[in-house]
Every structure is written in C-alpha cells, then in structure tokens.
Amino acid sequence: MTAWREVEKAEPGFAQRVRGLFDARRHKTIATLRADGSPRISGIEATFEGGELTFGSMPNARKGADLRRDPRFALHSATVDPVEGSEAQWPGEAKISGQAICAGPTTDGPGGELFHAHITEVVHTHLNERATMLVVEWGTPTHGLRRVERK
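Let me begin by describing the structure that accompanies this report. (Residues numbered from 1 in each chain as written. Predicted model: local features only at pLDDT ≥ 70, side-chain atom pairs only at ≥ 80, totals over all residues. Heavy atoms only, no water.)

1. Focus on the nonpolar core
In this structure, Trp-4, Phe-55 and Ile-96 are the most contacted members of the largest nonpolar core, which totals 23 residues. Breaking this core down by element, the ones donating at least two residues are helix H1 (4–10), helix H2 (12–23), strand S3 (46–49), strand S4 (52–57), strand S5 (72–76), strand S6 (93–105) and strand S7 (113–127). At 5 residues, H2 tops the list of elements feeding residues into this core. With residues up to four places along the chain from it excluded, the contact list for Ile-96 reads Trp-4, Val-18, Phe-22, Phe-48, Leu-53, Phe-73, Ala-74, Leu-75, Ile-119, Glu-121 and Val-122. (Core = buried A, V, L, I, M, F, W, Y, C linked by side-chain atoms within 4.5 Å. Buried < 20%, exposed > 50% of the residue type's maximum accessible area, 1.4 Å probe, protein only. Helix = DSSP H or I, 4+ residues; strand = E, 2+ residues; numbered from the N terminus. Contact = heavy atoms within 4.5 Å.)

The following block contains the structure:
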C-alpha cells in the first residue's frame, strides 16, 4: 500500500489528472463494507494534503464504524455526463481504493474521525481523443500504470 505522494512521484501526469477530477467537485462517493459484508455507499468529502489523501467521518456515522471494523474502501470522484457533440472533452471519472487508517479525531468541524488512505489502486476512465473508445488507465503499487482501450 502507498500514500498519495508515492502515486504522484511514480506517475505525475496520471496523478495530476486523477486529483483534478477529485478536486473538481466537493462531494465524492465512498463504498465501505457493512458488518455482514454487503456494500454501503455514502457521500463524503476528501482532500489531498501533505502528500496524503484524507477524509473524515462524522460522529457515530456508519461509514466510520464500517472503516474501523474493515478498512477497505473505494472512493469515486463526482461524475458529469459527456456533453453531446463534445464527448472528447469529457474529463472522465476517477476511483481510488485501498485501506482507510484512522488517524484520530478531526481537528475542525463538529468532531468525528480523520482517516488516511493507504492506496492499493488508482483508476482514470475517460474517452480517447476522437471519443471512439473508452480508455481505462489504472495503477497499482505492484504493477505500475496500465492502460486498455475498449469500444
């Protein structure tokens, strides 16, 4: 697992595109695992600070309880639809998955917990320059950056 700074160091252009998608909108979506193993989707805010991807959980929130019990998560950037006629300009969407490590109480707002992401995978899905193919780029600490195009 790795910190965000290591993704930036290994693949700076890729990391910049992914971070741009996450920073473009305030709200993201996080998937956690309930006690019975079923998925839970929640809205969340996430930030990149000091080379780390961090996010919080309000007091008594279910997502925080999920992450303390099973730290696996998947975080999804906000999504926007491609504009008809300008599909090639669509920036795409980004996903980051890994494990959330509780860093203690939040220092601002109404309380809650702060989590640091230990990243296992980063994905950027977008269209090629002619908007004729879906492009999936993904990176892992073990295999580096890979790319596939699909019709």
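There's plenty left to go through after this.
2. Observations concerning the environment of Arg-62
The residue Arg-62 is located in helix H3 (residues 62–69) in this model. Overall, the relative accessible area of 47% leaves Arg-62 in the partly exposed class. Measuring from C-alpha to C-alpha, the distance between Arg-62 and Thr-32 comes to 9.3 Å, with 30 residues separating the pair along the chain.

3. Points about the pairing of strand S2 (residues 39–44)
Alternating residues of S2 divide into Arg-40, Ser-42 and Ile-44, all buried, and Pro-39, Ile-41 and Gly-43, none buried. Between strand S1 (residues 28–33) and the antiparallel strand that follows it, S2, lie 5 residues; Gly-37 among them carries a positive phi value of about 90°. (Pairing = 2+ DSSP bridges.)

4. Re H2
Taking 1.5 Å of rise per residue, the 12 residues of H2 would be expected to cover 16 Å, and the 16 Å separating its terminal C-alpha atoms lies within 8% of that figure. Restricting attention to buried positions, one finds in H2 the residues Phe-14, Ala-15, Val-18, Leu-21 and Phe-22. Down the axis of H2, the buried set is contained in an arc of 125°. They therefore lie on one face. Those residues of H2 that are exposed and aimed more than 90 degrees away from the buried face are Pro-12 and Gln-16. (Expected span 1.5 Å × (residues − 1). Arc of directions from axis to C-beta.)

5. Quick look at unusual backbone geometry
Positive phi, close to 65°, is recorded for Asn-60, a residue that is not glycine. Within the secondary structure, Asn-60 sits in the loop between S4 and H3. Of note in this structure, Ala-131 is not a glycine but carries a positive phi near 60°. Judged by relative accessible area, which is 29%, Ala-131 ranks as partly exposed.

6. Digging into the side chain of Ser-42
Here Ser-42 shows up in strand S2. Leaving out residues up to four positions away in the same chain, Ser-42 has contacts with Lys-28, Thr-29, Ile-30 and Lys-63.

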